[in-house]
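# Geometric and topological summary
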Amino acid sequence: MMSITTENPVEARARAAIEYACGQAGLDPAGARLIRDYANLVYELPGERVVLRLADASTPGRFERLRTSVRVTQWLAEQDFPAVRPLDVRQPVAAEGFFVTFWHHERHVGPPPDPVALGAVLRRLHALPPVPFDLPTYDPFGSVRRAIDACRVLSGADRDWLLERCAALSEAYYERLEFALPYGLIHGDAHRGNLLRSRGRLLLCDWDSVSLGPREIDLVPTLQGVRFGLTERQRSGFSEAYGYDLTTWPGYPVLRDMRELQTLTAVLRNAHRDPPAHDELRLRLESLRAGDERTWNPF
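The structure reproduced in this document is the subject of the present report. (Residues numbered from 1 in each chain as written. Predicted model: local features only at pLDDT ≥ 70, side-chain atom pairs only at ≥ 80, totals over all residues. Heavy atoms only, no water.)

The subject of this paragraph is the sheet that holds strand β4 (residues 93–95). Taken in spatial order, the 5 strands of this open sheet run β1-β2-β3-β5-β4, and their pairing is antiparallel. The open sheet has two edge strands, β1 (33–37) and β4, and neither has a second partner. The mean angle between the axes of side-by-side strands here comes to 30 degrees, regardless of whether they run parallel or antiparallel. Lying on the sheet, helix α1 (residues 9–25) is in contact with β2 (41–45), β3 (50–56), β4 and β5 (98–104); it crosses β5 at an angle near 60 degrees. Contacts between helix α2 (residues 62–78) and the sheet are confined to β3 and β5, with β5 contributing the most and set at about 10 degrees to the helix. (Pairing = 2+ DSSP bridges. Helix = DSSP H or I, 4+ residues; strand = E, 2+ residues; numbered from the N terminus. Axes fitted to C-alpha atoms, helices over the stretch in contact; angles between N-to-C directions. Contact = heavy atoms within 4.5 Å.)

This is the structure we're talking about:
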């Protein structure tokens, strides 16, 4: 994660967007504090106990995806499902090249939750009744392909290799996989970093990728998490809590390899401006191209 110590043009634009969006929502923007700069800009409004998420408005389909994330989390609240809650305001708000969404602030307390807890939460999510409105179909390759195209630091050889890898995995995913679990509501990015411990409860957050898709998609981030230091005990505990061991399914290697590509998305976007992201991109690319199993660094 980048730490911004002096205001740059992006932050200046973000602060103008916050002023406008807060005006539309009837919130006080005073004291807005940047708490994360990675896939989105995330600001806390301490006086309002609110978090603002600023997403790049130039991404195709982003407005509808954010509107869907708000609508789904409103529905999840009605189902008493443990998810972060959006504010009851009209959103997203378009301002200064961003789409701004508003969420109740839940401060994480303590160490990262064990993957066992995530397995239980996902089991509960996948058991919910069908969502009573349309959801987008899960797209496993759109965001990573856009990030490859936009990346400013890739060599031609690395770019070609990544696009060829996307094409090969896309063919396998769409043409050869036969899924074992039902098709339905999925979170779309269900790793334990998106599980918060707040006020004695666990909440699933970051619903930007919520979709209709194979339920296996929500299981693979934890099982692929061996790249980020998860132990075999943690992975097996996750599978036991969910009630299904994805690693025994013949299609698991395809989903694992897809997930490894997807983890490149943010470092591809940020590598030109953030030295740690640039170093991590080099590490992951070298590892993927070598076909090794070295550990990667989480962001």
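Still more to cover.
Let's shift gears to the packing of helix α5 (residues 156–175) against helix α8 (residues 252–262). Relative orientation of the contacting elements α5 and α8 amounts to 145 degrees, with a least axis distance of 10 Å. As α5 runs across α8, the sense of the crossing is left-handed. Contact residues: Leu162, Arg165, Cys166, Leu169, Ala172 and Tyr173 in α5; Val254, Leu255, Asp257, Met258 and Leu261 in α8. Looking at side-chain class alone, the contact of α5 with α8 contains 9 nonpolar, no polar and 2 charged residues. (Left-handed = near helix turned anticlockwise from the far one by under 90°. Nonpolar A, V, L, I, M, F, W, Y, C, P; charged D, E, K, R; others polar.)

Before going further, it helps to spend a moment on helix α7 (residues 232–242). Within α7, burial applies to Gln234, Arg235, Gly237, Phe238, Ser239 and Tyr242. Positive backbone phi, approximately 105 degrees, marks Gly243, located one or two places after α7. (Buried < 20%, exposed > 50% of the residue type's maximum accessible area, 1.4 Å probe, protein only.)

Below, the discussion takes up the environment of Val100. Note that Val100 resides in strand β5. Taking the relative accessible area as the measure of exposure, Val100 reaches 0% and is therefore buried. Residues Val100 and Leu66, spaced 34 residues apart in sequence, show a C-alpha to C-alpha distance of 8.9 Å. Apart from residues no more than four positions distant in its own chain, Val100 is found in contact with Ala17, Ala21, Leu52, Arg53, Leu54, Gln91, Pro92 and Val93.

Once that is clear, we can look at the layout of surface pockets. To locate leftover empty space, one rolls a probe as large as a water molecule over the atoms. For the second largest pocket, the calculated volume is near 320 Å³. Looking at the second largest pocket, it is lined by 16 residues, and the ones nearest its centre are Arg227, Arg256, Glu260, Asp292 and Glu293. When contributions to the lining of the second largest pocket are tallied by element, the ones reaching two or more residues are α8 and α10 (275–290). In terms of residue count, α8 provides more of the lining of the second largest pocket than any other element does, 4 residues in total. (1 Å grid on protein atoms, 1.4 Å probe; cavity = no way out; pocket = protein on both sides within 12 Å on 5 of 7 lines; lining within 4 Å. Points joined across faces, edges and corners; volume = space filled by probe spheres on them.)

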